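Examination of the molecular architecture
Each chain, written out:
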Amino acid sequence: MRRLLSLSRSVVGKKVIMAVSGLILFLFVVGHLLGNLKVFEGAEKFNAYAEGLRTVGAPFFGRGQLLWIARIALLVSLVAHVWAALGVTLASRQARPVGYRYLETSETTYAARTMRWGGVLIFLYVVYHLLDFTFGRLNPSFEPGNVYHNVLASFARWPVSAVYIAAMLVLGLHVYHGAWSALQTLGWHRPPTDRWRRGFAAAVAGVIAGGYITIPVAVLAGVLR
Ligand code: HEM
């Protein structure tokens, strides 16, 4: 326990916490995408899937119990991820309180430089998203239990779809750099693997962002109605 606490105080420890909590959030993003793609199977199957999330684990668990366990794990991961990110940011500011007059950026990428702001934007997006599809406050015609209707009602308005598509692109950049640097933190950076680490991270991020984007695009194009 003592060793864990002192690890969490070091920058390397915080990076490990970021990598592990990021992996949990990443697994959610992948699972959520696979679930959301069921929207292409029609209203009945998509709504049955959403209902299944609440009844999974029966009869050992009551309605919604496993879902709440997953929500708590997700929330703990999110808090740990943000906490570790803030810790690493503060440590790098303390190490160099004066900004660089000239920063040679050839060793970094756009994705790497936008990680902090990207994280803030994704957080704001999730708050908006919960108000849209979970609480229904921002949904034009929210019907509890009818998730198919709720998704289509929102995405039929192009500004909402545009915000979602922009958020998914930001998410893609974040996942790209996150996957790349998490693999480095977890030790996957020796010369032979290093070369295809970037390609692998780009492919994963592209599939995730592209997969999510198909949904608002399909609604706007009239494929989903
Ligand atoms: C096209 C993109 C997306 C669609 C259509 C979509 C759809 C939905 C729907 C319908 C719900 C409510 C589910 C229910 O009440 O049963 C939901 C919940 C949620 N979504 Fe998404 N989502 C999308 C992208 C994302 C992304 C990229 C993230 C994370 C970065 C995300 C995070 C969440 C979270 C945290 C919840 C709440 C889960 C819960 O507490 O039950 N979503 N989403």
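Residues numbered from 1 in each chain as written. Predicted model: local features only at pLDDT ≥ 70, side-chain atom pairs only at ≥ 80, totals over all residues.

Side note on the nonpolar core
Ranked by size, the top nonpolar core spans 29 residues in total, and within it Val39, Met168, Val175, Tyr176, Ala179, Ala205 and Ala209 carry the most contacts. Looking at this core, the elements that each hand over two or more residues are helix H2 (11-36), helix H4 (65-95), helix H7 (147-155), helix H8 (158-185) and helix H9 (191-220). At 10 residues, the largest contribution of residues to this core is made by H8. (Core = buried A, V, L, I, M, F, W, Y, C linked by C-beta atoms within 7 Å. Buried ≥ 20, exposed ≤ 12 C-beta atoms within 10 Å, placed from the backbone. Helix = DSSP H or I, 4+ residues; strand = E, 2+ residues; numbered from the N terminus.)

Side note on the site of the ligand
For the ligand, the set of nearby residues contains 19 residues, the closest of which are Ala50, Phe133, Val147, Tyr212 and Ile215. Of all elements in the fold, only H2, helix H3 (43-55), helix H6 (115-134), H7, H8 and H9 reach the threshold of two or more residues within the shell around the ligand. Considering each element in turn, the shell around the ligand owes the most residues, 6 residues, to H6. (Near = placed C-beta within 6 Å.)

Quick notes on the packing of H2 against H8
The N-to-C vectors of H2 and H8 enclose an angle of 130°; their axes lie 10 Å apart at closest approach. Classified by the interaxial angle, the pair formed by H2 and H8 is oblique. Remark: the crossing between H2 and H8 carries left-handed chirality. Counted together, Lys15, Val16, Ala19, Gly22, Leu23 and Phe26 of H2 and Val175, Gly178, Ala182 and Thr185 of H8 form the full contact between these two elements. Here the residues of the contact of H2 with H8 sort into 6 nonpolar, 3 polar and 1 charged. (Axes fitted to C-alpha atoms, helices over the stretch in contact; angles between N-to-C directions. Parallel < 35°, antiparallel > 145°, perpendicular 65-115°, else oblique. Left-handed = near helix turned anticlockwise from the far one by under 90°. Contact = placed C-beta atoms within 7 Å. Nonpolar A, V, L, I, M, F, W, Y, C, P; charged D, E, K, R; others polar.)

Things to note about the packing of H2 against H9
What describes two packed helices is the angle between their axes and the distance between those same axes. Where H2 contacts H9, the axes come no closer than 10 Å and their chain directions differ by 35°. Handedness of the H2/H9 crossing: left-handed. In contact with Val29, Val30, Leu33 and Asn36 of H2, H9 contributes Ile208, Gly211, Tyr212 and Ile215. Its residues placed into classes, the contact of H2 with H9 shows 6 nonpolar, 2 polar and no charged.

As for unusual backbone geometry
Cis peptide bonds are those with omega within 30 degrees of zero, and the linkage from Ala58 to Pro59 qualifies with 5°. Relative to the elements of secondary structure, Pro59 occurs in the loop between H3 and H4.

Section: the environment of Arg195
With respect to the secondary-structure elements, Arg195 resides in helix H9. Taking the number of C-beta atoms within 10 Å as the measure of exposure, Arg195 has 8 and is therefore exposed.

So, H6
Taking 1.5 Å of rise per residue, 20 residues should cover 28 Å, and H6 covers 27 Å from first to last C-alpha, within 8% of that figure. One or two residues past the end of H6 sits Gly136, with phi positive at roughly 75°. (Expected span 1.5 Å × (residues − 1).)

What about the environment of Ala205?
The topology assignment puts Ala205 in helix H9. Not counting residues within four places of it along the chain, the set of residues in contact with Ala205 comprises Gly172, Val175, Tyr176 and Ala179.

Quick notes on the environment of Thr55
Along the chain, Thr55 falls in helix H3. With 15 C-beta atoms counted inside 10 Å, the residue Thr55 sits in the partly exposed group. Separated by 10 residues in the primary sequence, Thr55 and Gln65 place their C-alpha atoms 8.3 Å from one another.

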